[in-house]
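Analysis of the macromolecular model
This is what each chain is made of:
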Amino acid sequence: MNTTTTHSKQAAAIVHDREDRGNKLRQRLAAVEGRGQRTRTPSLAVVSDGEGVELVTVDGRRLVDFASGVLVTNLGHRHPLFEERYRHHLGRCPLSAYNMVTPIEVEASERLLASMAASNPKAEKILWAASGSEGIQKAIWAAMAFQPDRPILAATRHGFHGKKGLAGDVTGEASPNPNVRFVSFPMRDVGDLETYERELTALSLQFSDHIALLITEPYLGAAGSFHPPHWYHELLERWCTEHHIPLIFDEVQSCHGRTGSMYAFETYGVNPDLVVVGKGVANGIPAAAVAGRADLIDMLDYGAASDTFSATPMACAAVCATLDVFESEGIVAQCQAIAPVMRRALEELAAAFPFITAVRGEGLVYGLEMQDVATAEACVLEAYRGVNGRGVHFLGPLAERVLRVSPPLIIDEATIHEACELLHTAWSRIGS
Ligand SMILES: Cc1ncc(COP(=O)(O)O)c(C=O)c1O
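Cut-offs used in this document
Residues numbered from 1 in each chain as written. Predicted model: local features only at pLDDT ≥ 70, side-chain atom pairs only at ≥ 80, totals over all residues. Heavy atoms only, no water. Buried < 20%, exposed > 50% of the residue type's maximum accessible area, 1.4 Å probe, protein only. Helix = DSSP H or I, 4+ residues; strand = E, 2+ residues; numbered from the N terminus. Pairing = 2+ DSSP bridges. Contact = heavy atoms within 4.5 Å. Near = heavy atom within 4 Å. Polar contact = N/O pair within 3.5 Å; in protein donor to acceptor, adjacent residues only side chain to side chain. Areas by Shrake-Rupley, 256 points an atom, 1.4 Å probe, with all protein chains shown as cover. Nonpolar A, V, L, I, M, F, W, Y, C, P; charged D, E, K, R; others polar. Salt bridge = Lys/Arg side-chain N within 4 Å of Asp/Glu carboxyl O. Core = buried A, V, L, I, M, F, W, Y, C linked by side-chain atoms within 4.5 Å. Domains from an automatic or database assignment. Expected span 1.5 Å × (residues − 1).

As for the pairing of strand β13 (residues 356-362)
- With respect to burial, β13 is a largely interior element, 6 of its 7 residues being buried.
- Relative to strand β14 (residues 365-370), β13 runs antiparallel, the two being bridged by 6 bridges. Counterpart to I356 in the pairing with β14 is M370.
- Taking the residues that link successive antiparallel strands as the turn, the β13-β14 hairpin has 2 residues, and the phi of G363 there is positive, at about 55 degrees.

This is how it looks when you write it as structure tokens:
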């Protein structure tokens, strides 16, 4: 079976054998939509249906969803209780309530804070946003306004916080913003606590009282799934407390159960001053928020953090519906119970295929590191092609050669085994 990419003046379309409908749709879209819209995924499934953890393409291919959008649809697709509660919460509300107050916004704000406050009393107030990077931007603005005489923005290296504005500035390992300073995040060679402590001490000595904030991801997602030892975040928190530096935890990806706790700050045993949530917070309806200390959040006066699409009634209804399902179906406990099954299944795959060079992760978010870029791309494609019209959906590799495994948190044991058997057969074709 062949997959090709045809290039035209404006765009390129991925083409798969025996996918008449999908190929036509990919070509039509390539003619009208810029490529920059998405990151490259060699399979580029054309999906028209989804239920539970299964996606169905327009050509009838059935795919076990190992991506959840991009860690967004944590409750899976067309979850019956989510859909019912979403409609209930939205009711007859207007779709935009800009500069009005809706009861559902009040409920969503109170409930999201309450979901954090049990384990982090600093979750006192909230600001809504329409995307993760906007939530990060608002968190940074709040911290900068709190200590305006502190120009330096500290960030842990190789984090991904979004592409826009200040979120982009604190992403990666080099910044266009001259006030950004990076400190090391444990990756392949974890090293010892003292090494990181020395680096932090050097930073605080260099800039004494000029550091406005420290932003970190709980684990490095986009950089290829690196999950730090617990002492790392405890060290960051201690250093921040000592130097009166607000700690911003970017939970855009890790919130709502991914690591086996509702929030990763619980998994890692810290109490950040500001927590930014996104993606799974509304199970697919665009929503994000920054929650944390009232004295920080209240630094932003009327208009300073307002925008058209923050806290829409749809977003707030979806946030409440998501919390309803988490509460009534024990989603976090399900994730905890299934996590060892997933880890074992992935480790078995790694044992079977020497081209898988590492399995890293926790809860229901893993990275399968492949020996090289070509193998990683081939694995995505072969997983998609699957066996007899049934396959596994991955996004294109992260950090060039890491396949992320992040299925909806409702995945069960039988589906994990089925998916991994499919992968076993599909990946046996690689190199043969
Ligand atoms: C950890 C993290 N922070 C921030 C973002 C940016 O979120 P958005 O794409 O919604 O702006 C992402 C998106 O992938 C993310 O994974």
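Quick word on the side chain of S109
- Looking at the secondary structure, you find S109 in helix α4 (residues 103-117).
- For S109, the contacting residues outside a window of four places in its chain are I126 and W128.

Description of the environment of T39
- Along the chain, the position of T39 falls in the loop between α1 (20-32) and β3 (47-51).
- Note: C-alpha distance between T39 and E51 (12 residues apart in sequence) is 24 Å.

Some details on the site of the ligand
- Near the ligand you find S131, G132, S133, F160, H161, G162, K164, E217, D250, V252, Q253 and K279, and these make up its full shell.
- Within the side chain of S133, a nitrogen or oxygen atom sits 2.7 Å from an oxygen atom of the ligand.
- Summarising the interface, the protein chains cover 80% of the accessible area of the ligand, which totals 390 Å² for the free molecule.
- Among the residues making up the shell around the ligand, the classes are represented as 2 nonpolar, 6 polar and 4 charged.

Focus on the pattern of salt bridges
- Applying the stated criterion to the full structure yields 25 salt bridges.
- The closest approach of N and O atoms between R38 and E33, which form a salt bridge, is 2.6 Å.
- The class for R38 is partly exposed, based on a relative accessible area of 40%.
- Ionic pairing is found between D273 and R293, a salt bridge with its closest N-O pair at 3.0 Å. Here the residue D273 occupies a position in the loop between α9 (264-267) and β11 (274-277), and R293 occupies one in the loop between β12 (288-292) and α10 (294-297), the gap between them amounting to 20 residues.
- Sharing partners across several salt bridges, the network here consists of E84, R85, E107, R111, D324 and E327.

Examining the nonpolar core
- If you look at the biggest cluster of nonpolar residues, it comprises 74 residues, and the most contacted ones within it are F66, F394 and W427.
- The residues that make up this core include at least three from each of domain 1 (3-78 + 331-428) and domain 2 (96-311).
- Contact partners of F394, with chain neighbours within four places excluded, come to T41, S43, F66, V380, A383, L403, R404, V405, L423 and W427.
- By size, the runner-up hydrophobic cluster in this structure holds 25 residues, among which are L127, I140, V252 and V276.

Thoughts on helix α11 (residues 313-329)
- In this model α11 runs 24 Å from its N-terminal to its C-terminal C-alpha over 17 residues, within 8% of the 24 Å that 1.5 Å per residue would give.
- Of all 17 residues that make up α11, 13 are buried, and the element is covered over most of its length.
- Where α11 terminates, the next one or two residues include G330, which has phi positive at roughly 55 degrees.

Quick notes on the domain arrangement of the protein
- When the domains of the protein are assigned, the result is domain 1 (3-78 + 331-428) and domain 2 (96-311).
- If you average the C-alpha positions of domain 1 and of domain 2, the two centres end up 29 Å apart.
- Across the boundary between the two partners, domain 1 contributes 30 residues, which contact 25 residues of domain 2.
- The interface formed by domain 1 and domain 2 contains 1 salt bridge.
- Of the charged contacts, one joins E369 and R188 as a salt bridge, the two residues approaching to 2.4 Å between their closest N and O atoms.
- Contributions of two or more residues to the side of domain 1 that touches domain 2 are made by α2 (68-71), α12 (331-352), β13, β14 and β16 (402-405).
- Among the elements that line the side of domain 1 that touches domain 2, the one with the most residues is β14, at 4 residues.
- Residues that form the side of domain 1 that touches domain 2 fall into these classes: 15 nonpolar, 10 polar and 5 charged.

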